[in-house]
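What follows is the residue order along each chain.
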Amino acid sequence: MNKLYVFPQKYLLLSVPLTLILGFIIGTFVDTSFLRPTIMLATIIMIYATMVGFKFKELTTIKGSKVLWLSLLINFAIIPLVAFGLGKTFLSEHPIMFAGLALSALLPTSGMTISWTALQKGNVPAAVKLTVFGLVVGSLLTPWYLLAMVGEYVNINVMRTIHSIIMVVFVPMILGHITFRFLMKKYTPEQFQKQIKPKFGPLSIWAMLYVVFISISMRAEMIMSNLQLIALALIVLIVFYGLNYVISTIAAKMFLNRGDGIALVNGTVLRNLSIAIGLAATSFGAEAALIVTIAFVVQQQTIAYYGKLAGKYWFNPDKKSKPAKTSVA
């Protein structure tokens, strides 16, 4: 049972495409729309599992953090403009997909931000800070950015979007904090990090795959009759992530030391697609969920290749560089 439980997380690049295919096939023969009300619950579970052990104290340490301010500039000024330009250019005739792209662009950082920064021997405390601030600021700004970016094409119900964000971000955040406090009465911080926290990861992936499956299967006939949507989404996302990598890497090399630079790239390129797909599915529908789902594949694949290239060339640990300054006060 444990092997089955961890399988989707261990083989994420396989799990997401298989779930997409399964959703297409089953949705073609079975009407799964009766499961729509379960999407919100699954999304809450998905985010909750990532929030247990989330370090809220990082929110209080903002002074002197150049990497934080750079990340806010890139995440909430430059990247939304990139997404808006791509949406206007390629997706003006597919406004729901445009909304999905906007959601992906407006919700930066994920647990992978911290993981990849640690793997690349970057500034992990800075990565934690970027994750916390990216999540909170993105959640607060998303309804208004959506209105500005795609309000001309999609009827944006701001209050509904705010309600969705409260349900899929702040409710799981509170529940995760309560769970963490309860666990701290039984385990030491070291025991929690090594024994307990890893058990929550697969739960988040299972819930994510469920949301993907239901979202896609409900509109399988529409998507299958428009396979060009998948090709279009793939092209747009490759360009989007490519520009994101270039912008973040240039900023990191120009303004930061190696450790902070790695944290900046991972904190601006990696998007919080778990929340994005939850909002896409509950607020917009299958086309929005489709482009976010494909973004999962593109993001996971490109960060793996980027990590290898960055470690060999521009973030090579063997090259002489200024010692990393911590980003926490």
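A quick note: this is a predicted structure, and the numbers were derived from the prediction, not measured. (Residues numbered from 1 in each chain as written. Predicted model: local features only at pLDDT ≥ 70, side-chain atom pairs only at ≥ 80, totals over all residues. Heavy atoms only, no water.)

Novice: Could you give an account of the overall build of the chain, with specific residues and numbers?
Specialist: A count of helical and extended segments in the chain gives 14 helices and zero strands. Going from the N terminus to the C terminus, the chain shows its helices and strands as α-α-α-α-α-α-α-α-α-α-α-α-α-α. Out of the 329 residues belonging to the chain, those deemed buried represent 53%. Surface accessibility of the chain: about 15,400 Å² in total, with carbon and sulfur atoms responsible for 69%. (Helix = DSSP H or I, 4+ residues; strand = E, 2+ residues; numbered from the N terminus. Buried < 20%, exposed > 50% of the residue type's maximum accessible area, 1.4 Å probe, protein only. Areas by Shrake-Rupley, 256 points an atom, 1.4 Å probe, with all protein chains shown as cover.)

Novice: Give a description of the packing of helix H4 (residues 66-90) against helix H5 (residues 95-106) that names residues and reports values.
Specialist: The packing of two helices is summarised by the inter-axis angle and the distance between the axes. Orientation of H4 relative to H5, taken along the N-to-C sense of each, is 165 degrees, at an axis distance of 9 Å. The pairing of H4 with H5 is recorded here as roughly antiparallel in orientation. Crossing of H4 against H5: the hand is right-handed. Side by side, H4 and H5 meet where Asn75, Phe76, Ile79, Pro80, Ala83, Phe84, Leu86, Gly87 and Lys88 of the first sit next to Phe98, Leu101, Ala105 and Leu106 of the second. Residues of the contact of H4 with H5, tallied by class, amount to 10 nonpolar, two polar and one charged. (Axes fitted to C-alpha atoms, helices over the stretch in contact; angles between N-to-C directions. Parallel < 35°, antiparallel > 145°, perpendicular 65-115°, else oblique. Left-handed = near helix turned anticlockwise from the far one by under 90°. Contact = heavy atoms within 4.5 Å. Nonpolar A, V, L, I, M, F, W, Y, C, P; charged D, E, K, R; others polar.)

Novice: Any details on the nonpolar core? Residues and values, ideally.
Specialist: Membership of the largest hydrophobic core comes to 99 residues, with the highest contact counts inside it found for Leu101, Phe240 and Tyr241. With 13 residues, the top contributor of residues to this core is helix H14 (residues 286-312). Core analysis: the second largest hydrophobic core is formed by seven residues, Tyr48, Ala49, Leu183 and Phe200 among them. (Core = buried A, V, L, I, M, F, W, Y, C linked by side-chain atoms within 4.5 Å.)

Novice: Which residues make up H4, and what values do they have?
Specialist: In a regular helix each residue adds 1.5 Å, so 25 residues correspond to 36 Å; H4 covers 34 Å between its end C-alpha atoms and thus fits that length. At Ile74, H4 shows its strongest bend, of approximately 30 degrees. (Expected span 1.5 Å × (residues − 1). Bend = angle between axes of the 7 residues up to and from the residue.)

Novice: Help me get a handle on the packing of helix H2 (residues 12-29) against helix H9 (residues 189-218), residues and values and all.
Specialist: Between H2 and H9, whose axes approach to 8 Å, the crossing angle comes to 30 degrees. Classified by the angle between their axes, H2 and H9 sit roughly parallel to one another. Two packed elements cross with a definite hand, and for H2 against H9 that hand is right-handed. The segment H2 lies against H9, with Leu12, Ser15, Val16, Thr19, Leu20, Leu22, Gly23, Phe24, Ile26 and Gly27 engaging Ile205, Met208, Leu209, Val212, Phe213, Ile216 and Ser217. Residue composition of the contact of H2 with H9, grouped by class: 12 nonpolar, five polar and no charged.

Novice: If you had to explain the packing of aromatic side chains to someone new, which residues and values would you point to?
Specialist: Counted according to the given criterion, the structure contains eight aromatic pairs. Ring centres 6.3 Å apart and planes at 40 degrees place the aromatic pair Phe84 and Phe98 in the tilted group. Placement of the pair is Phe84 in helix H4 and Phe98 in helix H5, with a sequence separation of 14 residues. What makes Phe84 partly exposed here is its relative accessible area of 29%. Accessibility expressed as a relative area gives 0% for Phe98, which makes it buried. Taken together, a centroid distance of 4.7 Å and an interplanar angle of 25 degrees make the contact between Tyr245 and Tyr306 stacked. (Phe/Tyr/Trp six-rings, centres within 6.5 Å; stacked < 30°, edge-to-face > 60°.)

Novice: I'd love a proper account of the environment of Phe24, names of residues and values included.
Specialist: Within the secondary structure layout, Phe24 lies in helix H2. A relative accessible area of 10% means that Phe24 is categorised as buried. Each C-alpha atom of the pair Phe24 and Ile223 lies 8.1 Å from the other, and the pair is 199 residues apart in sequence. If we skip the residues at most four places from it in the chain, Phe24 touches Ile216, Ala220, Ile223, Met224, Ile230 and Leu290.

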